[in-house]
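# Close look at the chain arrangement
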Amino acid sequence: DSHPLTLQLREGAQLGISTTTIDIGNLDPIHVKSLVADVLSMEDHEDAVSTLAATVQKKTDGNVFYVLLFLRSLAEEELLQYNFGTMRWHWDDEAVKAKLVTQNVATVLVDLLRSSVSESSQNALKVAACLGTSFSPSVVALALGEQDDVSSLSDTGSLNSSYFDELKEAGLLERESDEVLRFAHDQIQLSSLDLIPENHRISFKSKLGGILMKKMDRDRLDDHLFEVVSLRNSCTDAVPGDERVPMAKMNLRAGMKAAENGSFDMAKDYFKAGRELLGDAGWKDEPDMTIQLYSEGANASLFCGSLDTMGRLIDEVLAKDIPIEAKLRCYDIKMRALTAASDWAQIIDIGMDVRRQLGQPVIRNKPVPLWKIMKEYRKTDRMLKKVTTDDIATMPQVKDKKVIMGQLIMERILQAVYHAQPTMMPIIVFNMVQTSIRHGNNSSACVAFALMAMLYQSVFGNPSKASDLVVAADQLLSSPDVQEVGRVKARSIMICYCFVHHWHSPIQQTLAPFIEGYQAGLYAGETESAAYNLSSRSIHLFSAGRPLPALQHELESFASVCAQLNQTPAQSMIRADLLSVRKLRNTDNGEDSFDAIAIASTNSDVMIRAKIVISRMELFVFFQDWSSAAQLLRKLEEDPRAAAVGSWVYVRYTFLESLVSFKAAQAASSWATKRRWKKRGIRLMKQLHKWISKGGNPNIVHSLHLLTAELAAMKGNHSKAKESFKKAALVATTNGFVQDKGLAHALASSYYAGQGDQYWADYHRTNSQDAFREWGATALLV
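From a predicted model like this one, the values you see are computed outputs, not experimental measurements.

Cut-off values and rules
Residues numbered from 1 in each chain as written. Predicted model: local features only at pLDDT ≥ 70, side-chain atom pairs only at ≥ 80, totals over all residues. Heavy atoms only, no water. Patch = residues over 30% accessible without salt bridge, like charges linked within 9 Å, V, L, I, M, F, W, Y side chains within 5 Å. Areas by Shrake-Rupley, 256 points an atom, 1.4 Å probe, with all protein chains shown as cover. Salt bridge = Lys/Arg side-chain N within 4 Å of Asp/Glu carboxyl O. Lys, Arg positive; Asp, Glu negative; His and termini not counted. Charge placed at Lys NZ, Arg CZ, Asp CG, Glu CD. Helix = DSSP H or I, 4+ residues; strand = E, 2+ residues; numbered from the N terminus. 1 Å grid on protein atoms, 1.4 Å probe; cavity = no way out; pocket = protein on both sides within 12 Å on 5 of 7 lines; lining within 4 Å. Points joined across faces, edges and corners; volume = space filled by probe spheres on them. Polar contact = N/O pair within 3.5 Å; in protein donor to acceptor, adjacent residues only side chain to side chain. Contact = heavy atoms within 4.5 Å. Pairing = 2+ DSSP bridges. Buried < 20%, exposed > 50% of the residue type's maximum accessible area, 1.4 Å probe, protein only. Expected span 1.5 Å × (residues − 1). Axes fitted to C-alpha atoms, helices over the stretch in contact; angles between N-to-C directions. Parallel < 35°, antiparallel > 145°, perpendicular 65-115°, else oblique. Left-handed = near helix turned anticlockwise from the far one by under 90°. Nonpolar A, V, L, I, M, F, W, Y, C, P; charged D, E, K, R; others polar. pLDDT = per-residue confidence, 0-100.

Together, Arg364, Lys366, Lys372, Lys375, Arg378, Lys379, Arg382, Lys386 and Arg438 give the surface a local cluster of positive charge. Tallying contributions element by element places helix H21 (residues 370-385) first for the positive patch, with 5 residues. With respect to the element layout, Lys366 can be found in the loop between helix H20 (344-358) and H21.

Structure below.
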């Protein structure tokens, strides 16, 4: 598990990079016959080796390494000899068959090692085999220099490099780099282990780990930490009493390093070994280390999906009569586990209970009235007006640990209230910002100011102040005083690029940062933020005009990663986009549905419900199913934008709803219905116009032109309608929105057809089909 290739493959899988595993099986009899003939230079006389090849096949089961090894052993025992008179190899088939009966091929290599390699080199092979497939000769030399601890390791006080030369010349070892050797085949390593008597093998490994642990300095031990600690852990019962605490500390160190590398299975085992070394006495004798071994063990178990183990470890810590500060890590892990299960109510309750224990203000889990939100907003706004961006970035670091912990808990609660109790969110943000200004900065301040920027931009209509706070958050993130940079970076990027930047920057420029945020969250173990960076990128990719075949491949990778990370909410968001892509490509095959996504993600999640509504509406618009779109609007019991305030889907849905309202007005049979739909569309259209004129949003200019065209057509202002359809298609093309270019031409085609102008109807229809073809939306091609 600690091999660099294993770690690299695991990291690639977490990043959504697919790898192809090629399973190379054993050779069949025909290919064994060809191999034997080739080795004996008898390619032109394959029939002559048939009997020998059949014996070799039966002996080795076609394993290439064993085939060559068996032939070598036949030659060394002179059962296979080269005749210089005939210039050919000769053998006795019956003698070879007898060898088949008397000796198992698995013992051939071990016997070969014992007979052909010196005792000192055998000792080197024993030690090297315990270290792994690759090893440092200097580490082997260090171990073999310790005669007192493991007398069977060496007959000399040092290891001469000539021993390695002997092993390399024998074809047993090969050089991997200047300072690393490796076994030429994994079977050589296994056979080298077999040189150690089986009943002594575990104690041999444990003693070897103890020797290396004593003799290595800290830097060198850190380079070989996994190998050394794993060797010593081979027999923890044999660790003397005075070494158990230092050994537990080494396991904690190895577990933390494994967790940093994303090897949580390894980390879980190291933390478990540390707990076993300390035993129950650890709670009294080494309380800090014991708490950390339990807490980090729970965290590793969460990542491994061992939820029962995680729960048991957390419950044991929380049941102890220890300060709340010592329990915070376990509370944090428990809240993250509940996040994966979408148990938002329990997260809020636990978080507020922890804040109560910390002596921090709490907020009741219930809808917050508008007057209270505005009251706290004005209070926070006044405080922010008294500080500049530079003031925020240079505020002193908060010293009170309870304040720091209270802020972190607020971060955890934020995600839950965003899903389950959205009106609580601004109150929590205001509280975090006020706390930061009063007490100073810490890691959570970056998130607090980023969230306040989101509210300024999306809710309170102050893009200038929003930009200032984004800058402040960025400056705080680069501060050397900020701890847990990965966690904070993942959250800040997700907030700023999901809720702020798209208001004034091309949406295409938001795509790369989401990958950066995902990677930062992944490396920091902040899987929730990592997954939400992926789901945000998914949403922006769809609207940015990414070709659908490539988009489908990327979304499938994202969904797989979120499943591995056990992040159901983010996975459901991605699945909604993926289903839309498949329907547009006509490749859905009924394998998924929006209803199935809603059920899988639980109906209590307002964000998922909102995303599904918006995805349905997007498809109705592209397929020009205006009747179904209008019916969906009529049936809605809640505005999906309420759960997506400030995000790109909030903006996009405003456009879609306005467009559908105009289409419903055009199709209405009564004057009152027509007036109601038209009024609704104009109200939403004015909102888009306000966002462009006040904030300069470049991503909806073409959308506003399209709405202007539809409204003008309804009013009978045909010159303006034609001009606006043209502008919509042109701006969409210029800004890279190929899907909306297709939509603009499709709507223009319908308009001209309604006017009886078949030439321009066909012209726009052709351009629409070309755009949809470029996008990859084969289901829209007719």
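The discussion continues.
Right, let's get into empty space enclosed by the protein. To locate leftover empty space, one rolls a probe as large as a water molecule over the atoms. For the structure shown, the criterion picks out 4 cavities of 30 Å³ or more. Tyr418, Met494, Phe499, Tyr532 and Met607 are, among the 30 residues lining the largest cavity, the residues nearest its centre. The set of elements that each furnish at least two residues to the lining of the largest cavity consists of helix H23 (401-420), helix H25 (443-458), helix H27 (485-499), helix H29 (527-543), helix H33 (606-622) and helix H35 (648-667). By residue number, the principal contributor to the lining of the largest cavity is H29, which donates 6 residues.

Pairs can form between side chains of opposite charge once their charged atoms are near each other. Taken as a whole, this structure holds 30 salt bridges when the rule is applied. For Arg329, the salt bridge is made with Asp332, and the minimal N-O distance between the two is 3.9 Å. Of this pair, Arg329 and Asp332 both sit in helix H19 (residues 324-340), separated by 3 residues, roughly a single helical turn. Sharing partners across several salt bridges, the network here consists of Glu296, Arg329, Asp332, Glu411, Arg412, Arg487, Arg491 and Glu526.

Here we come to the side chain of Ser529. Relative to the elements of secondary structure, Ser529 occurs in helix H29. Polar contacts involving the side chain of Ser529 include one to the side chain of Arg491, which spans 3.4 Å. Contacts of Ser529, omitting those with residues within four sequence positions, involve Ala490 and Arg491.

Below, the discussion takes up the sheet that holds strand S4 (residues 173-177). With respect to topology, 3 strands assemble into an open sheet ordered S3-S5-S4, the strand pairing being antiparallel. The open sheet has two edge strands, strand S3 (134-135) and S4, and neither has a second partner. Looking at chain direction, S4 and strand S5 (residues 180-183) are connected through 4 bridges and run antiparallel. By the bridge assignment, Ser177 is partnered in S5 with Val180.

So, about unusual backbone geometry. Unlike most non-glycine residues, Asn566 shows phi in positive territory, near 60°. On the basis of relative accessible area, Asn566 is assigned to the partly exposed category, the value being 37%. Of note in the backbone geometry, Asn586 takes a positive phi value of approximately 65° without being a glycine. The residue Asn586 is located in the loop between helix H31 (568-585) and helix H32 (594-600) in this model. Accessibility expressed as a relative area gives 57% for Asn586, which makes it exposed.

As a further point, take helix H28 (residues 511-523). For H28, spanning 13 residues, the distance from its first C-alpha to its last is 19 Å, which sits close to the expected 18 Å at 1.5 Å a residue. All buried positions along H28 are accounted for by Leu511, Pro513, Phe514, Gly517, Tyr518, Ala520, Gly521 and Leu522. Once H28 finishes, Gly525 follows within two positions and takes phi at roughly 75°, a positive value.

So, about the packing of helix H11 (residues 201-215) against helix H13 (residues 225-232). Between H11 and H13, the least distance of the axes is 6 Å, while the angle of their chain directions is 135°. On the basis of their axis angle, the class for H11 and H13 is oblique. Note on packing geometry: the crossing formed by H11 with H13 is left-handed. Between H11, through Lys205, Ser206, Lys207, Leu208, Gly209, Gly210, Leu212 and Met213, and H13, the contact on the second element is made entirely by Val228, Val229, Leu231 and Arg232. In the contact of H11 with H13, the residues fall into 6 nonpolar, 3 polar and 3 charged.

What follows deals with the side chain of Gln567. Relative to the helices and strands, Gln567 resides in the loop between helix H30 (548-564) and H31. A polar side-chain atom of Gln567 sits 3.3 Å from a polar atom in the side chain of Thr527. Residues contacting Gln567, with those up to four places away along its chain left out, are Ala340, Thr527, Glu528, Ala531 and Cys562.

Attention now goes to the packing of H19 against H23. The description of two packed helices rests on the angle between their axes and on the distance between the axes. Direction vectors running N to C along H19 and H23 enclose 5°, while the axes themselves pass 10 Å from each other. Judged by the angle between their axes, H19 and H23 are roughly parallel. Side by side, H19 and H23 meet where Glu325, Leu328, Asp332, Met335, Arg336 and Thr339 of the first sit next to Lys402, Met405, Leu408, Ile409, Arg412, Ile413 and Gln415 of the second. For the contact of H19 with H23, the per-class residue count stands at 6 nonpolar, 2 polar and 5 charged.

Attention now goes to the confidence of the model for the chain. For the chain, the mean per-residue pLDDT works out to 86, and 91% of the residues sit at or above 70. Confidence drops under a pLDDT of 50 for residues 146-159, and excluding neighbours within four residues, the segment shows 34 contacts in the predicted structure.

Side-chain alternation along S5 places Leu181 and Phe183 on a buried face and Val180 and Arg182 on a face that remains uncovered. Bridge count between S3 and S5: 2 bridges; the pairing is antiparallel. Its bridge partner lying in S5, Phe135 is registered against Leu181. Where S4 folds back onto S5 in an antiparallel hairpin, the turn is made up of 2 residues.

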